[in-house]
Every structure is written in C-alpha cells, then in structure tokens.
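# Structural overview
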Amino acid sequence: MASTTRPFIFALAFLTIYTALPLSLSQTTTEAPAPAADLCNGIFISYSYTDGKQIAPTMPARQPYRFESVLTVLNNGEEDLKSWKVFVGFQHGEYLVSAANAVLADGSAYPGSVENGTVFAGFPQTDLKTAIKTAGDLTQMQVQVKLIGTQFGVAPPNVPMPVNISLANDGFRCLKASLQGKSEMQVCCIVDSTVKTNITADEEFLPRQNGDLSIMYDVTRTYGSSYFAQVTISNHNSLGRLDSWKLSWDWMAQEFINTMRGAYPSVVDSSECIFGEQGKYYADLDFANVLSCEKRPTIIDLPLEKTNDTKLGMIPYCCRNGTILPTTMDATKSKSSFQMEVYKMPPNINRSVIIPPQNWAINGTLNPDYKCGPPVRVSPSQFPDASGLPVNSTAVASWQVVCNITQAKGASPRCCVSFSAYFNESVVPCKTCACGCPRNTAQTCSTTAQAMLLPPESLLVPFENRTVKAKAWAELKHLADPNPMPCGDNCGVSINWHVLSDYSKGWTARVTLFNWGETSFADWFTAVQLDKAVPGFEKMYSFNATTVGTDGLNNTVFMQGLEGLNYLVAEVDGANPKKDPRVPGKQQSVISFTKKLTPGINVAGRDGFPKKVFFNGEECSLPDIYPSSAYRTSSAMMMFPVLLMVAVFMLMQQ
C-alpha cells in the first residue's frame, strides 16, 4: 500500500510547487488592477501598503519604521492622460527614499521629506493611453510606482495610510477616497465638464503653462548618440529677478555634457565618465575636452565680455553675469539662454530617443526662492532661421519646466524694513533676527526681545556700533532697556520708509536703501505695496518709478535707479578704519502722493506705510509695530496746564 501511495504523494508535491511557481514570477510583472477599477470609467488610483518593519534607532517618542507601498494609476477613460500627476497625502512624517517610475513634481530629489504630502509626476512613462487605443494593454494604460521610505510612530500591525489620494491634473474631479480593508486606498477621478481646462483631446502636446519663471528645453539637432539642446530661462513675474543664477538638473540615463556655448558648468570634471560606463562605451572619445559628467551638474552664466566670443558666446540672450530682470524693468534682459551638446548612453542610442533631465532647480543671490515642476512635452519651439531668411526653424522636440516663487518652510528673508515718520522722533528698526540668527548668538543677545527704538542717525551705522546710541536713547526717552539686548537683524540689505510730510492735498515719503553686504547690486530695484495710497502716486525725484499691478490690483510702486544711480555699492571702511564704523552703500529718494484720488486716507495711521516691500524680487521682513503719533496729543495735553498757569500768572500781574 505504501509503495502505491508514494508516487501519488510525490506527484502531488511536484504539482503544488509547479502551480505556485507562476505566482512568484508574476510579482515582477505589471500587476492587474483591483476589481474596483472595473467600475471606474476615468482615472483609477490606488495606494497599497505592502510591508513595513521597525528600524534603528530605538526612539519611543518617535520610532522610525520602514514602509513599502505601491501607487497605481490606471487610465480607464476615453482620452489619453498626458503628463499624469497624483497627490498622496502622507501624514506620518514620511521620508521618501525611492520611487520607481515617478519623480517629485516640485523638482525635489530623493531622498527627502514628504511629511506634508507630495505630488508625483510620471517618469519615464509620462502619458497613460486608453484601453481603446491599446486593446487593453496594461503596460501602456497603467503605471505602478513602488515607494520605499521611512515613517514615524505607526507600529505594525497598524498601517500608515495617507489621509487622501487624488489626481493632480486639471479638468478632473475625484470622488472621495475610500479604504479597502486596512492597507489599500482607492479613488476614481472622472472628467468634470464644469472644470475649465485649456487641454483639448485632439492636441498632440500639452499647451504651455504660465508661471513666475519658465525654462524651455529645446532639442535643435539630434544624432544617434548625441543631440544639441538650447535652454532658455524666461522671467514672467513683474517683481521677480535672478542675480548670478545657478541652474541644476538630474540626468536620468547617464548623459554627459560635451560642449557648451552661452553658459558653463560651475565645475568642469570628466572623471566620472573616464572611470564609468561612459568611458568604456566611448573608448575613442577624448574626455579631456568633455565639460561635465556629473549626474547633477550646476550651470552658471558667462560674463558680459564673452557675448561675442566665437567659441563660448554668440548665443542670443547669453552672457549677462547671471542677471535676469523683470519685464517691467527691461524686457530685453528678462531672458537668458545657452546651448549644449549632450551625449547619450545605451540603450538610448537612437536619434528619436531623447530623455529630458528631471528635478530642475534654479536660484540666485538675494533673490526669491523658486520651486520647479517636471518637464512637460509641449509643441516644438520655433527660432529665427540661421540663414537670415524670413522663415522659422522648428525644434525637434521641446519640453517646458515651470517654476514659481515659493517661501520655504522656516526660511528667513534676506532684507528688512525700518519705519520712521516726521511725527515721531524714534525709528522703528528692523525686527530682531529679521533675516535669521546664528544658533550661538543666544549667549550674548536675545533672539526674542523686541528691537529697541533708535535715534534716526543710528540707521547710518552697522548694528554692532548702535549699542551706545540705543541705550542712551532708551534712557533719554524712558524706553525699555532689556538685558540681554536684542540681537541684530542680520540682513544684507535694509530699507527705511520715512513718512516725510502730510498736508491737506497730499503727502510725501522718503525711501532709503542700505547695502550692508560685501556684494554691490547693479540694476537694482525695489517695490512697495500700499493698500490705499498707490492711486495717488505722483512721482519720485531721484529714482525712476511707475505703478504696476500685482494679483490684479493696482497697489504697487516699482522703483529703480536713474541712469548713473542704478548701482548700490557694497559696504566699505570708514574714513579711519581703526575708529570709524564701516559705511553702507546708500541710495535715497523722495516719493510724492496726492490725496485727490484717495479721500479719507490716514497717512499718520497705517495707510502711509507699505504692507509689503521687495528688493530685487525678494520679499523683505517688515516691523510688527508702526511709529505712533500719540506723542503729539500727549505733548499738547501736557503743555496745556503749563500755558494755563502762565496765562493766570500774567492776569494776576495786571
């Protein structure tokens, strides 16, 4: 009996192993969508938690755990989904380490914090086709993003699920996301006819988008193993600006820069290619002439004298020392451009295969911060033909990167404002630590104490030379004298707004710019937003000034130096450096307003002071308090008894 059952048991075991084998192999292929996806006639999105475990160190209050999840995006609609983007509302302090088949839409690189939620964008599969056009081919309809990261505080068997998931593309409405058990969240997003969108189904490319700054990546020539690209940076914000710009991105397929014109890498280094796969594949290439093999190169502009250099320049809008001005200041200087030759690596050795770089970032010195989105394929750009004929040449392919001004969490401004007025002898200085304070300053000064009121002449000396004046002024005016004294503002640029006069038909103010840094500013500008006063703006006497609209409101005065006065010099030594304080660079002008168009304006109140101030596009820190006119009333009330006693005394003498 045993001999007859043994073959049966062996066959059963073999059959069990054989039937289990495809299940193991199927984990490496594209997974089929959840059954609920069949009920969604739009974009189906799911987030599935697959694994997690505790990791070091042991932190009872905030224990870290590894998590693994899969984000699935499936197009069950009637039209292709172009440049898909999905929001995942992480809520457990998540720190993302990797994400296959996607990048972060704000241009951030992995690893990085996504604790407040983040938007994923497709890469390399940016578009999802329909079942109709692909006969139900999931490899073209669906993308699965495998996420690995760290979350805090949610121990197994509890599951760290996001608070929400939704499609971030325009023209869609997502239903409420629902949990399927403990470890999967699903949502269906459908085309919403009430949502206006500028995307039409018949267009091959997405339309160009608006933003504070746009970067065009135009491929102008392509070969089997290389291509030429032109990069154009355009400023669209009336108050935006870049000085000494630095542009960076990530190559995604081992590309490297061979030659450039109009700009240059900040570090010229080909060693990564020589000792890497590029050196093996391009064995006959002279890498001594290769400019950059970094995965994330940083590109800088060329100086003005290279504009007509036949090897490095001769590119429209190039070679301006990294300065990009707003169109309100000079439209011809609101762009910057350069060209580069890019070499590719297998398996992309094909003239039609071009992978644009990802994770773009751009910044300048004393300029606003920008966050850039992913490159989006748009209709090919057109350029004037090099032959001089009245025709345009079309790019082989074009991508647009849109960047917007943003304020990073915890970031400090880099300029500040002080207030003063004719009706108050004291100056309200820049706030304590307006531009941040080093960590070790708390031992010598207070980072939280309110800045001390100052005599007007103290604005002309550096903060470290104001102590004696501030203490003497506090004693003279019976003001608080804190111990320890408040720390300085630590700003490279400060602006004083002084209400100079106020009369029945108009009023004036004086604007003074101080440069406390080591860098001079050419072609500087400043802008002030006043809620009620701008309609009455008349003129400035030593600056060029005009009103500009922001956010649809005519509430901003844009100022720049006259020709010959458009250079704000750096701080310099005093006449006698051993005893005299350093002297800031300074520019000053009076601005006048009429009250004819602003009846009821209270200049001595807050109507005469700006609500926002910008310097070279950077929003400056403003004081929390304003000069008070109360002393005029109190002084008059104090003088009244004295005058009354004098009058009585004179009458008694008669």
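Scroll up for the structure.
Summary of the structure given here.

About the cut-offs
Residues numbered from 1 in each chain as written. Predicted model: local features only at pLDDT ≥ 70, side-chain atom pairs only at ≥ 80, totals over all residues. Heavy atoms only, no water. Helix = DSSP H or I, 4+ residues; strand = E, 2+ residues; numbered from the N terminus. Buried < 20%, exposed > 50% of the residue type's maximum accessible area, 1.4 Å probe, protein only. Contact = heavy atoms within 4.5 Å. Areas by Shrake-Rupley, 256 points an atom, 1.4 Å probe, with all protein chains shown as cover. Core = buried A, V, L, I, M, F, W, Y, C linked by side-chain atoms within 4.5 Å. Phe/Tyr/Trp six-rings, centres within 6.5 Å; stacked < 30°, edge-to-face > 60°. Lys NZ or Arg CZ within 6 Å of the ring centre and 35° of its normal. Pairing = 2+ DSSP bridges. Axes fitted to C-alpha atoms, helices over the stretch in contact; angles between N-to-C directions. Salt bridge = Lys/Arg side-chain N within 4 Å of Asp/Glu carboxyl O.

A count of helices and strands for the protein chain gives 7 helices and 38 strands. Within the protein chain, the proportion of its 654 residues that are buried is 46%. Here the contacts in the protein chain between residues at least 6 apart in sequence split such that 69% fall between residues at least 24 apart. Of the roughly 33,700 Å² that the protein chain leaves accessible, carbon and sulfur atoms contribute 55%.

Here we take up the nonpolar core. Ranked by internal contacts, the top residues of the largest apolar core, which has 37 residues, are Trp-497, Met-559, Ile-591 and Phe-615. Listing elements by their share of this core, those giving two or more residues are strand E26 (415-421), strand E28 (493-502), strand E29 (506-515), strand E32 (537-540), strand E34 (553-561), strand E36 (585-594) and strand E37 (612-615). Aside from chain neighbours lying at most four places away, what touches Met-559 is Trp-497, Val-511, Trp-524, Phe-525, Thr-526, Val-528, Met-540, Phe-543, Asn-544, Ala-545 and Ile-591. By size, the runner-up hydrophobic cluster in this structure holds 31 residues, among which are Val-231, Met-260, Ile-354 and Ala-397.

What follows deals with the packing of aromatic side chains. In the structure shown here, the tally under the stated rule is 25 aromatic pairs. With 5.3 Å between their ring centres and 20 degrees between their planes, Phe-419 and Tyr-626 make a pair best called stacked. Taken as a pair, Phe-419 in strand E26 and Tyr-626 in the loop between strand E38 (618-619) and helix H7 (630-653) lie far apart in primary sequence, 207 residues in all. Residue classification places Phe-419 among the buried residues on the basis of a relative accessible area of 0%. Among the aromatic residues, ring-to-ring pairing joins Tyr-217, Tyr-227, Trp-249, Trp-251, Trp-360 and Trp-399 into one connected group. The ring of Phe-228 has Arg-221 sitting right over it, with the charged end atom 4.1 Å from the ring centre. Of note, Arg-377 hangs over the ring of Trp-399, and the distance from its end group to the ring centre comes to 5.1 Å.

Another point: the sheet that holds strand E18 (residues 298-301). In spatial order, the strands read E17-E18-E15-E20; together these 4 strands make up an open sheet with antiparallel pairing. At either margin of the open sheet sits one strand with a lone partner, and together these are strand E17 (263-265) and strand E20 (358-363). Geometrically, the sheet is characterised by an average inter-axis angle of 25 degrees between neighbouring strands, direction not taken into account. As paired elements, E17 and E18 share 3 bridges and run antiparallel to each other. When the bridges of E18 are listed, Ala-263 appears paired with Asp-301.

Moving on, we come to the pattern of salt bridges. Per the counting criterion, the structure on display carries 17 salt bridges. Where Asp-250 meets Arg-296, a salt bridge forms, and the shortest distance between an N and an O atom there is 3.0 Å. Residue Asp-250 is located in strand E15 (residues 246-250), and its partner Arg-296 is located in the loop between helix H5 (277-281) and E18; the two are separated by 46 residues in the primary sequence. Residue classification places Asp-250 among the buried residues on the basis of a relative accessible area of 7%. Taking the shortest distance from any N to any O, the salt bridge between Asp-309 and Lys-306 comes out at 3.9 Å. Note on Asp-309: relative accessible area 24%, which makes it partly exposed. For Lys-306, a relative accessible area of 29% corresponds to the partly exposed category.

Purely geometric numbers; function is a separate question.
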